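Fold and contact review
Spelled out, the chains give:
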Number of protein chains: 2
Amino acid sequence: MAASALSKVESVGVNLSNALEDRGLRRTATRMTVTGRIEQLNGAFTAEQLCRDLPGVGRATVYRTIRHLVDAGALCKLPILDGAPMYSIARIEHHHHTICSSCGAVGEFRHSTVERVMRSLAKEIDGDIVGHRMEIFITCNSCLAESATGKFSVHV
Amino acid sequence: MAASALSKVESVGVNLSNALEDRGLRRTATRMTVTGRIEQLNGAFTAEQLCRDLPGVGRATVYRTIRHLVDAGALCKLPILDGAPMYSIARIEHHHHTICSSCGAVGEFRHSTVERVMRSLAKEIDGDIVGHRMEIFITCNSCLAESATGKFSVHV
DNA sequence: TCTGAAACTGATACCCGGTATCAATAACTG
DNA sequence: CAGTTATTGATACCGGGTATCAGTTTCAGA
């Protein structure tokens, strides 16, 4: 792969507990448990999955903590058609997602051309552009190897 | 606006009943009622809204008909963060959506550069690209005039 | 270190969007 | 017309998520 407009996302030091504290929330043991689990998950997850992983933490608390993290901008909420939204740690400020339509793996990427396109669209769209969202549906390499069948619906 | 890579969507003759019939479904009076209402709505709508508009049609039937139309590719299902998905008639084959974050109005557009970007990304993303989705969040002109406050959440 | 206020937690009930079920009805086919 | 198949809508149900609220924890200040 040559040098290009695409930037892969590198694992930067993300500290979800700090993100909560920065919003004036207390650093409690329960929240450390939740954020710790999210950090070790190393990928996108659903709220239910987190509840299953942390049977010692109440359902409401898991959902509340996720909501706080989304509000803090530390987690991205990805709307998946026909299913529960997935969450992933926002490692970079503005980015887009790749979603494997077979296994659901989520990746982040930046591409400067996408931002350039947005600027050119700004002149031509009626109204003020306040944001955008872009997801690329892929079949990831490991699923290609297994040639698995689709699990998530794709709106093309 | 000069000639550009952006194409506005024009109202083409869409016939939702035909879309259903093409899939081997019967052209019943109830379905005509539902599709007729969607066609006269002239914009994006939610399933609940359609149910309210058609009190004479059962909830299950409204949802079933919408599902059939989505399966037929005649309706687009737009995942809205924190809320019921919206549906809009797919007037052109492949397109993207503008969503007014204030009033929720949905528009369609095509932009050839977006497709070019996708092709260039194809070389650089790990895995096979099987589709993509892009939404542009705007404040539409009429909301700008009223300077209304945001109604839909925006993931930027 | 105590003490009171405020924040947090988790069990629970609830809400909402959407779907499965199923008996009754409508639409086709021969 | 008779039989078969599709459709309908009332209903119960499901799953994701939130409001409530009593009990617990945390923290600031005395």
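Above this text is the structure in question.
In this report, the structure presented in the accompanying data block is examined. (Residues numbered from 1 in each chain as written. Chains lettered and ligands numbered in written order. Predicted model: local features only at pLDDT ≥ 70, side-chain atom pairs only at ≥ 80, totals over all residues. Heavy atoms only, no water.)

A word on the side chain of H132 of chain A
All names here are of chain A.
- With respect to the helices and strands, the residue H132 is situated in strand β6 (residues 128–139).
- We classify H132 as buried; its relative accessible area is 6%.
- Within the local environment of H132, its side chain forms a polar contact with the side chain of H94, the two groups lying 3.1 Å apart.
- Side chain to side chain, H132 and H96 meet in a polar contact 2.9 Å long. (Helix = DSSP H or I, 4+ residues; strand = E, 2+ residues; numbered from the N terminus. Buried < 20%, exposed > 50% of the residue type's maximum accessible area, 1.4 Å probe, protein only. Polar contact = N/O pair within 3.5 Å; in protein donor to acceptor, adjacent residues only side chain to side chain.)

Considerations on the interface of chain B and chain A
- On the chain A side, the residues contacting the 43 residues of chain B number 43 residues.
- Between chain B and chain A, the buried area comes to about 4100 Å², and carbon and sulfur atoms account for 61% of it.
- Taken together, the connections running from chain B to chain A amount to four salt bridges.
- The residue D82 of chain B makes a salt bridge to K77 of chain A at a minimum N-O spacing of 2.6 Å.
- The interface formed by chain B and chain A holds 14 residue pairs in polar contact (both at pLDDT 80 or more) in total.
- Going through the elements one at a time, β1 (6–8), β2 (75–78), β4 (96–100), β5 (106–111), α5 (112–122), β6 (128–139) and α6 (141–146) of chain B are the ones with two or more residues in the side of chain B that touches chain A.
- Here the side of chain B that touches chain A is built from residues that sort into 21 nonpolar, 14 polar and eight charged.
- Sheet topology note: the β6 of chain A/β6 of chain B ladder contains eleven bridges and is antiparallel. Within the sheet, the bridge partner assigned to I129 of chain A lies in β6 of chain B and is I138 of chain B. (Contact = heavy atoms within 4.5 Å. Buried area = accessible area lost by both parts, 1.4 Å probe. Salt bridge = Lys/Arg side-chain N within 4 Å of Asp/Glu carboxyl O. Nonpolar A, V, L, I, M, F, W, Y, C, P; charged D, E, K, R; others polar. Pairing = 2+ DSSP bridges.)

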